[in-house]
Each structure stands twice: as C-alpha cells, then as structure tokens.
Amino acid sequence: MVFRRLKTHSTSSDFAPLAAVATAMVSICWGASVAKTLFPVIGPAGTTALRLGLAAAILCGVFRVWRQPLDRRMLRAALPYGVALGCMNLLFYFSIQRIPLGIALATEFTGPLAVATFASRRRVDLAWIGLAVAGLALLLPLDVSHQAIDPVGVLLALAAGVFWGAYILLGKRAGEALGAAAPAYGMTVGALVALPFGVAQAGATLLQPHVLAIALVVAVFSSAIPYSLEMFALRRLPTKSFGILTSGEPAVGALAGVLLLGEMLSPPQWLGIAAIVGATIGTTLTAGPNKPVVSEA
C-alpha cells in the first residue's frame, strides 16, 4: 500500500511540470491568436504596448518592485534587457499581421537557435544549423502562388528572432542583477519602448474599455500565466527536458493558427516548421553544459 502511494505520488509529480509546459505553450499561442483580433482596431504596435504595459503592471504587483529602489547596476541590466524584450514583441506582432502564426514562430525560433549553436564549432551543431536553414527555406516565399508568404513578414520574424537571441543573452545578466523580479523590470522597459509606437498607431483608442479588456486577456495568457507555469516547470525539470518540450511551440502555434484563425498551411510549410522544431530539439539534446538552451521569451 505504501509503495503504491509513493508510486502514484511520483507519477503525478513527474506529470505536473510536463503539463505546466504544455499549458504554457497553448496559453502563449492562444494569447497571440487573441492579440491578432485586436490588430484591425489598434494595430500590432498598439496591441504590443497594451500587452506589455498590462503584463508589467501585473508582474510589478506580484513582485512588489517598489520595495527595492533601482540603483545604477540594476538599471544597466534592466534597460538593455527590456529594450530587447520590447523590440522582440513589436517585431513579432508586426510579423504575424502579415504571415501565419506558426510560420512566424518557427522563423523567430532561428534567433535562440543561433544563440545555442553559433558559439560551437562541433560538426553536429553545424548539422542542426543546416536543418534549420532547410526548414526556413521551405517557409520562404519562393513562388508567386496564392500560398506564397509575405517576404516582409518573414524578415520581421527574423528580426524578432535576433532580438530574442539578444534577450536570452541579456537575460542572464538581468537575472543576476534583478533576481526573480527581472521579468517585471524587463516588461516595464519593454512597455516604454512600445508605447510611443502604440500611441502613434492607435491614439486614444487604446483606452477604450473593450480594447483594454481584450488586451488584459492577451497580457494574462501571453505573459502572466505562461511565465508562472514555466517557472514552476523549470524548478522541476532538467534544462534539456524543458528545452525539448518548448521546442514544439511553432507546431502548437501553427495548430492554433489553423483552428482559431483559419490560417491554412501547405505541406511544404508544415515540413519547414517540423525541420526547425527538429533542429531545436537536436540542439537541445546535444548542448554542452555551458551552452544556452532555447528558452521561452
């Protein structure tokens, strides 16, 4: 009887972090799908500004950041970290205005994938880069058919990936200087980066009650919930396991795009997403002890 209880407890303990990561991915992709419905009203810049601003307010309240005044060292860590976060979100939302969610996520994933591989000269890492490039080639607008992808949208997603890579590199320094409250400071700076663009694009429409209500849903499901779930999972899963699980986010995003937004993809595009997911999983599996693993932004 005791053995059975221990076994049941162990199984449920092992399942909980896996379920947390899966729920976080679904939450992020669902939040991005809801965010897209705001684009006709306040545009991607306005949506970004509201999402980051509301998420910052939530996180600042959770961590009670006012208890510790900012010093120069904290500012030097928070500013570049937050700028990378703000630019990453702005560019990503501008990209999903033009291209399907799954393709944008897969393209953006090349940023953290590059961070995880370019520092290494091992042949196996070059193979993963090659697989990711092949996957990206399948997503690029190489034809003029009705299924061709907007090249500007692809470039915006690639640029978002660059800032995602910078966000990962700067995140370590921010975490050391700011502790667990680093995302709260980063979201605040990111919101300040996005705010001028949001005001220029949407103006007073940002303050309409129904817009704020939908933006609050986006902020909760794209930031507050997944951040909490991922922190729970990271404390209970090996880094590699966490990286492998989150590598499936482009596929989850593609499914969310099909089911919630009607964004149908061609077989080559699905194959391209699968190749990038495979490259990310491979990079995570073969990562050395000092190499960064793709992590959620």
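Remember, predicted model here, so these are calculated numbers, not experimental data.

So, the nonpolar core
Okay, so step 1: Judged by nonpolar contacts, the single largest core of 61 residues is most densely connected at Phe92, Leu178 and Ile273.
Okay, so step 2: If you look at the next biggest cluster of nonpolar residues, it comprises seven residues, including Leu38, Ile42, Ala202 and Val211.

A look at the environment of Asn89
Okay, so step 1: By the secondary structure assignment, Asn89 is in helix α2 (residues 72-96).
Okay, so step 2: It is 9.9 Å that separates the C-alpha atoms of Asn89 and Ala157, two residues lying 68 residues apart in sequence.
Okay, so step 3: Excluding residues within four positions of it along the chain, Asn89 makes contact with Thr48, Arg51 and Leu52.

Re a nonpolar patch on the surface
Okay, so step 1: Where nonpolar side chains cluster on the molecular surface, the patch consists of Trp30, Val217, Leu255, Leu259, Leu260 and Trp270 and spans about 560 Å² of accessible area.
Okay, so step 2: Considering every element that reaches the nonpolar patch, the biggest residue donor is helix α10 (residues 249-261), with three residues.
Okay, so step 3: Within the fold, Leu260 resides in helix α10.
Okay, so step 4: Judged by its relative accessible area of 46%, Leu260 falls in the partly exposed class.

Looking at helix α6 (residues 151-178)
Okay, so step 1: In this model, α6 (28 residues) spans 38 Å end to end at C-alpha, consistent with the 40 Å of a helix rising 1.5 Å per residue.
Okay, so step 2: The principal kink in α6, of about 35°, is found at Leu170.
Okay, so step 3: The N-capping residue of α6, defined by a side-chain oxygen 2.9 Å from the backbone nitrogen of Val152, is Asp150.
Okay, so step 4: Directly beyond the C-terminal end of α6, a positive phi value near 70° is found at Gly179.

A word on unusual backbone geometry
Okay, so step 1: Residues other than glycine seldom take positive phi values, yet Arg64 does so here, at roughly 50°.
Okay, so step 2: Looking at the element boundaries, Arg64 is found in the loop between α1 (2-63) and α2.

What about the pattern of salt bridges?
Okay, so step 1: All told, the structure shown has two salt bridges when counted by the stated rule.
Okay, so step 2: Taking the shortest distance from any N to any O, the salt bridge between Lys36 and Glu263 comes out at 2.3 Å. Taken together, the residues span a long stretch of sequence, with Lys36 in helix α1 and Glu263 in the loop between α10 and α11 (267-285) at a distance of 227 residues.
Okay, so step 3: A relative accessible area of 16% places Lys36 in the buried class.
Okay, so step 4: With its nearest N and O atoms 2.9 Å apart, the salt bridge here joins Arg98 to Asp150. Here Arg98, found in the loop between α2 and α3 (101-108), pairs with Asp150, found in the loop between α5 (123-139) and α6; they are 52 residues apart in sequence, far enough to count as distant.
Okay, so step 5: For Arg98, a relative accessible area of 43% puts it in the partly exposed group.
Okay, so step 6: Take Asp150: its relative accessible area is 24%, and that puts it in the partly exposed class.

Brief notes about the packing of aromatic side chains
Okay, so step 1: On inspection of all chains with the given rule, the structure shows five aromatic pairs.
Okay, so step 2: Ring centres of Tyr81 and Tyr167 lie 5.1 Å apart, and the angle between their planes is 15°; this geometry places the pair in the stacked category. Of this pair, Tyr81 sits in helix α2 while Tyr167 sits in helix α6, and the two are 86 residues apart along the sequence. Of the two residues examined, Tyr81 and Tyr167, each falls in the buried class.
Okay, so step 3: Ring centres of Phe92 and Tyr93 lie 6.2 Å apart, and the angle between their planes is 45°; on these two criteria the pair is classed as tilted. Judged on exposure class, the residue Phe92 and its partner Tyr93 are both buried.
Okay, so step 4: Linked through ring pairs, Phe39, Phe92 and Tyr93 together constitute an aromatic cluster.

What counts and how
Residues numbered from 1 in each chain as written. Predicted model: local features only at pLDDT ≥ 70, side-chain atom pairs only at ≥ 80, totals over all residues. Heavy atoms only, no water. Core = buried A, V, L, I, M, F, W, Y, C linked by side-chain atoms within 4.5 Å. Buried < 20%, exposed > 50% of the residue type's maximum accessible area, 1.4 Å probe, protein only. Helix = DSSP H or I, 4+ residues; strand = E, 2+ residues; numbered from the N terminus. Contact = heavy atoms within 4.5 Å. Patch = residues over 30% accessible without salt bridge, like charges linked within 9 Å, V, L, I, M, F, W, Y side chains within 5 Å. Areas by Shrake-Rupley, 256 points an atom, 1.4 Å probe, with all protein chains shown as cover. Salt bridge = Lys/Arg side-chain N within 4 Å of Asp/Glu carboxyl O. Expected span 1.5 Å × (residues − 1). Bend = angle between axes of the 7 residues up to and from the residue. Polar contact = N/O pair within 3.5 Å; in protein donor to acceptor, adjacent residues only side chain to side chain. Phe/Tyr/Trp six-rings, centres within 6.5 Å; stacked < 30°, edge-to-face > 60°.

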